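Structural description and commentary
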Amino acid sequence: MAMEKVSVLDVQKAKDDGRKLVMVTAYDYPLGLLAHEAGVDIVLVGDSLGMVVLGMEGTVGVTMEHMIHHTRAVVRGCKGPMIVGDMPFMSYNTSIHDAIVNAGRLVKHGGCEVIKLEGGVDFASTVEAIVKAGIPVMGHIGLTPQTASALGGFKIQGKDATAAKQIIDDARALEDAGVFSIILEAVPAPLGKLVAETVRIPVIGIGAGADVDGQVLVIHDVLGLFDRFVPKFVKQYANVRKIMLEALNEYKQEVMEVKFPGPEHSFKMPAEALEQLKKMMPDK
Ligand code: KIV
């Protein structure tokens, strides 16, 4: 399916035109291809990879090597949507120098167009330096899973006025630092609306209500492929896990009952060749 690559300018135009942006995660070639075929605007190779693909408890164990490996696979299948590479924990937190080097690695070796990192006011100078180095940056504020333990767990953020004001300050600081868009996670819907109205750049929500500039979900949640936990903000559009499990059980059953493979899945051998072969076999 041919499709022009979605650019940073297209993403801004969507907000300017009042068109909602559609974003989803992907972690490998088949999911990248699916997201491409569905014609979403943006694909995030998120560090949620750690949980939904690698079986980790959280995202802090995800490394640059994991992200480069999986980003490369998504890029092979996903030609139209903009691809965002997620900077893993401690790849940008240690110094601005490390942040630029690692953002460069993700773009050069992973093949994504832009990167995403978590953090607000405290990471504005890091964002500014990466943007100055020529790499577009997407921000991520509200609930930031990499530092969820410091936030008291995977909890809704910005519930009181002071915490909400901090999130608005974070969004403003990121916009001033040069991010081209912001992910806003797990905040009350009225705060989501306020943040989207405050900044000119697109605000893409995940658990931030409907009045933001677009939505992002983890693809395993959309498809119903991950059932360890399902956050309140998730809508499962299918139960692919159930379909996969039914198929695997049927396969197992048919192998045990010698119903698979059938003649249609088996290769024939010319009768003369088989006869000849039998004659060549040593007597038992
Ligand atoms: O890693 C990820 O999947 C994310 C989304 C939840 C936005 O950061």
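Just so we're clear, the structure is a prediction, and the values are computed from it rather than from any experiment. (Residues numbered from 1 in each chain as written. Predicted model: local features only at pLDDT ≥ 70, side-chain atom pairs only at ≥ 80, totals over all residues. Heavy atoms only, no water.)

1. A few points about the site of the ligand
Threshold: Any residue with a non-hydrogen atom lying within 4 Å of a molecule or strand is treated as near it. In protein, a polar contact requires one atom able to donate a hydrogen and another able to accept it; more generally it is a pair of N or O atoms within 3.5 Å, and residues adjacent in sequence count only if both atoms are side-chain atoms. Per-residue and other accessible areas follow the Shrake-Rupley method at a 1.4 Å probe size, with only the shown protein chains counted as cover for residues. Asp, Glu, Lys and Arg are counted as charged, while Ala, Val, Leu, Ile, Met, Phe, Trp, Tyr, Cys and Pro are counted as nonpolar; the rest, among them Gly, fall into the polar class.
Neighbouring the ligand are Thr25, Leu44, Gly46, Asp47, Ser48, Asp86, Lys116, His140, Ile183, Glu185, Ile206 and Val218. In this structure, lysine 116 approaches the ligand through a side-chain N or O atom, which is 3.1 Å from an oxygen atom. Here the ligand has 260 Å² of accessible area as a free molecule, and 95% of this is covered by the chains. Here the shell around the ligand is composed, by residue class, of four nonpolar, four polar and four charged.

2. With respect to unusual backbone geometry
Working note: non-glycine residues mostly have negative phi, and peptide bonds are mostly trans. Counted only if it meets this: Comment: elements are numbered from the N terminus, with helices defined as DSSP H or I runs of at least four residues and strands as E runs of at least two.
Of note, the bond from phenylalanine 260 into proline 261 is cis; its omega dihedral lies within 30 degrees of zero at -5°. Looking at the secondary structure, you find proline 261 in the loop between helix H10 (240-256) and helix H11 (271-280). Phi at alanine 186 is positive, roughly 55°, even though this residue is not glycine. Locating alanine 186 in the fold gives a position in the loop between strand E6 (181-185) and helix H8 (189-198).

3. Quick word on the sheet that holds strand E5 (residues 137-142)
Note the threshold: By definition, two strands form a pair when at least two bridges between them are found by DSSP. Orientation is described by lines fitted to C-alpha atoms, with helices fitted over the stretch in contact, and by angles between N-to-C directions that extend from 0 to 180 degrees.
Spatial strand order, E1-E2-E3-E4-E5-E6-E7-E8: eight strands in a closed barrel with parallel pairing. Ignoring which end each strand starts from, the neighbouring axes of this sheet average 25° apart. The sheet contact formed by strand E7 (residues 203-206) and strand E8 (residues 214-217) spans two bridges and is parallel. Among the inter-strand pairings, isoleucine 204 is bridged to a residue of E8, identified as glycine 214.

4. Describing the pairing of strand E1 (residues 21-25)
Defined as follows: Burial status follows relative accessibility: with a 1.4 Å probe on protein chains alone, a residue under 20% of its type maximum counts as buried, one over 50% as exposed, and anything between as partly exposed.
For E1, the tally of buried residues reaches four of five residues, placing the bulk of the element in the interior. Strand direction decides the pairing type here: E1 and E8, joined by four bridges, are parallel. Residue pairing for E8: leucine 21 is matched across the bridge by glycine 214. Taken together, the three bridges between E1 and strand E2 (residues 42-45) define a ladder with parallel strand orientation. Across the sheet, methionine 23 pairs through a bridge with isoleucine 42, a residue of E2.

5. A short note on a nonpolar patch on the surface
Formally: The patches reported here contain residues having more than 30% relative accessible area and no salt bridge. Joining distances are 9 Å for like charges and 5 Å for nonpolar side chains (Val, Leu, Ile, Met, Phe, Trp, Tyr). By definition here, a salt bridge exists when the distance from a side-chain nitrogen of Lys or Arg to a carboxyl oxygen of Asp or Glu is within 4 Å.
Together, Met269, Leu274, Leu277, Met280 and Met281 make up a nonpolar patch on the protein surface, roughly 500 Å² of accessible area in all. Relative accessible area serves as the criterion here: at 46%, methionine 269 is assigned to the partly exposed category.

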